[in-house]
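An overview of the molecular structure
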Amino acid sequence: MKKRVVITGLGVVSPNGVGIPDFKEAIKSGSSGIRFFPELRELKFSCQLGGQPEISEEKKREYLSELQLRNFNSSGILYGVIAGMDALKDAGLNVTNKNEEPLWELGIIFGSGTSGVEKFREAIYKIDDKNVRRLGSTSVAQTMTSGVSAYLGGLIGAGNKVTANSSACATGTEALLMGFEHIANGKATYMLCGSTSDYGPYIWGGFDAMKVTTYKYNDMPQNVAGPMSANASGFVPGSGAGAYLLESLESAQKRGATIYAEVLGGAINNGGQRGEGSMTAPNSIAIQKCITDALTDAGITASEIEYINGHLTATIKDTDEIKNWSSALNRKDNDFPYINSLKGMTGHCLAASGSIEIVSAILQLHEGFIFPNVNCGNLHPEIASIIASEKVVTKLQEIPLQTIAKASFGFGDVNACVIFRKNKYI
Amino acid sequence: MISDEIYDLLEPIIKTYLPEDVSAIDINRSSDLTRELNINSAHLVDIVLDIEDKFNIEFKNEDMEKLRNVNDAILLIQQKIAK
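Each chain carries its own residue numbering, running from 1 in the direction its sequence is written. The order in which chains are written sets their letters, starting at A; the order in which ligands are written sets their numbers, starting at 1. For a predicted model such as this one, the threshold for reporting local features is a pLDDT of at least 70, and the threshold for listing and counting side-chain atom pairs is 80 or more; totals across whole chains, interfaces and linings nevertheless cover every residue.

1. As for the packing of helix H1 (residues 3–16) of chain B against helix H4 (residues 70–82) of chain B
Residues and elements named next belong to chain B. Two elements in contact, H1 and H4, have axes separated by 10 Å at closest approach and are oriented at 120°. As judged from the angle between their axes, H1 and H4 are oblique. Our pair here, H1 against H4, has a crossing hand that is right-handed. Residue-level contacts link Ser3, Ile6, Tyr7, Leu10 and Ile14 of H1 to Val70, Ala73, Ile74, Ile77 and Gln78 of H4. Residues are grouped as follows: Ala, Val, Leu, Ile, Met, Phe, Trp, Tyr, Cys and Pro are nonpolar; Asp, Glu, Lys and Arg are charged; all remaining types, including Gly, are polar. Counted by class, the contact of H1 with H4 contains eight nonpolar, two polar and no charged residues. Helix axes are fitted only over the stretch in contact, all axes being lines through C-alpha atoms; the angle between N-to-C directions runs from 0 to 180 degrees. Each helix is a run of H or I in the DSSP string that is no shorter than four residues. Each strand is a run of E no shorter than two, and both are numbered from the N terminus. For this classification, under 35 degrees means roughly parallel, over 145 means roughly antiparallel, 65 to 115 means roughly perpendicular, and everything else is oblique. Should the near helix be turned anticlockwise from the far one by less than a right angle, the crossing is left-handed, and should it be turned clockwise, the crossing is right-handed. Placing a C-beta atom from the backbone of each residue, one calls two residues in contact when those atoms lie within 7 Å.

2. Focus: the UniProt feature "domain: Ketosynthase family 3 (KS3)" (unreviewed entry) in chain A
Sequence positions flagged by UniProt for "domain: Ketosynthase family 3 (KS3)" (unreviewed entry) are, in local numbering, residues 2–422 of chain A. The annotated region residues 2–422 of chain A carries 35% helix and 19% strand content, and the separation between its end C-alpha atoms amounts to 19 Å. UniProt positions are given in the numbering used here, feature names are shortened, and annotations may be inferred rather than shown by experiment.

3. Examining the domain arrangement of chain A
Residue and element names in this part refer to chain A. As assigned here, chain A comprises domain 1 (5–255) and domain 2 (264–422). Boundaries between domains were set according to an automatic or database domain assignment. Centre-to-centre, using C-alpha coordinates, domain 1 lies 22 Å away from domain 2. Residue-level contacts link 59 residues of domain 1 with 53 residues of domain 2. At the level of elements, strand E1 (5–14), helix H1 (20–29), strand E4 (49–51), strand E5 (106–112), helix H9 (171–184), strand E7 (190–197) and strand E8 (240–248) are the ones that each hand at least two residues to the side of domain 1 that touches domain 2. Per-class residue counts for the side of domain 1 that touches domain 2 are 28 nonpolar, 28 polar and three charged.

Okay, here's the thing in structure tokens:
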């Protein structure tokens, strides 16, 4: 018998809000974290906009010691540590003392795309300068893919599986499903899951070179055409981290913990880079299968989905995504669920996108609202031909939700879809 | 440079790497850096780099092997400065 799994803690470090209260306020009001970065202009980027969470020196010191911050140069680890520790605290769980046994029932899966690029750059310069001995002890821990999970593991005293996953822009959603399965299979009671992405030009450069970012709004960061807009011309790169504390339902009930949502189920698959799929383009057949498999795994019908938190990046692929949702759910026009995308307010936070967006989805489900999909005054006509325009929420709506879907898609033709539900277990 | 002067420059370097449950007053010349002061052994390389910067010297791999306590560090520094 599989265990039921719920979410009892959330943490977020987003370009438009650090910490759950600020982030919730920001998404409700449609407040954007997208800014102009002079350094990107200096470096001759096409897209000189980005999303970077604002974290003060004092804030850093609430989470990491002076010694840990010495020669510290990994924004992704900082974001991940803050989001992860906030999620743990939000769930009402405590870290163990140094001399106690590890928390055998608490594991961590915290993913990233590339980790610690700034630190890696620093190291490469030293190595090429024949100065490898000057790297000190901090290079490895700050550049390893498992950096966030290792930092969090040490801060918390986690004694179950502590690892990192990587599946491009699906990383955060995949991390959640991996943690879900681990608890469902009875291998842990708590799993702290999430994903992170470094800030800056060394992460964003490759996307700039591929021309998937927008070059049209450098002088008006507040007006970047949002996801599903007819004017969408590419994404703005972002950064940050999102985290969730997953827990078995029985444990959460025993503790009397606040239950944000139940993870009903989900699916992860791959388009195999076959058909229309490639390293960078999705195979629609696989996306539709991922969605229908998620419904099956969750034990629900397509008609039960009331809201979709889309991957929707503000590129030409948005239309394909809507087609895929519509085909997979067999719902269109007025029958289509409500849908929005956070990326208009945060940029595309790459490996962190799935986790930050999941936090936004859970907040909406828990509190009963749908945040505005910003800068979409002019809905793409092809999208408008598939679904009713009022299903694309452009103004904050207070509305009770019970069952919602979140999907993330990424390079390598990876897909992940998860279904959440509120209140059925009580 | 006499050993007291070296000690005064060395103490703040070591203090940086003390774990939270060890106090700076526990540092003395015979303190074993990893066993008594509980400094993470990975940080020994950082201590050496800080010493190199402070005294403008360079440690070799063999020097590292001799570094156990504060007195070892003072002796090594004195030898390097003298060269």
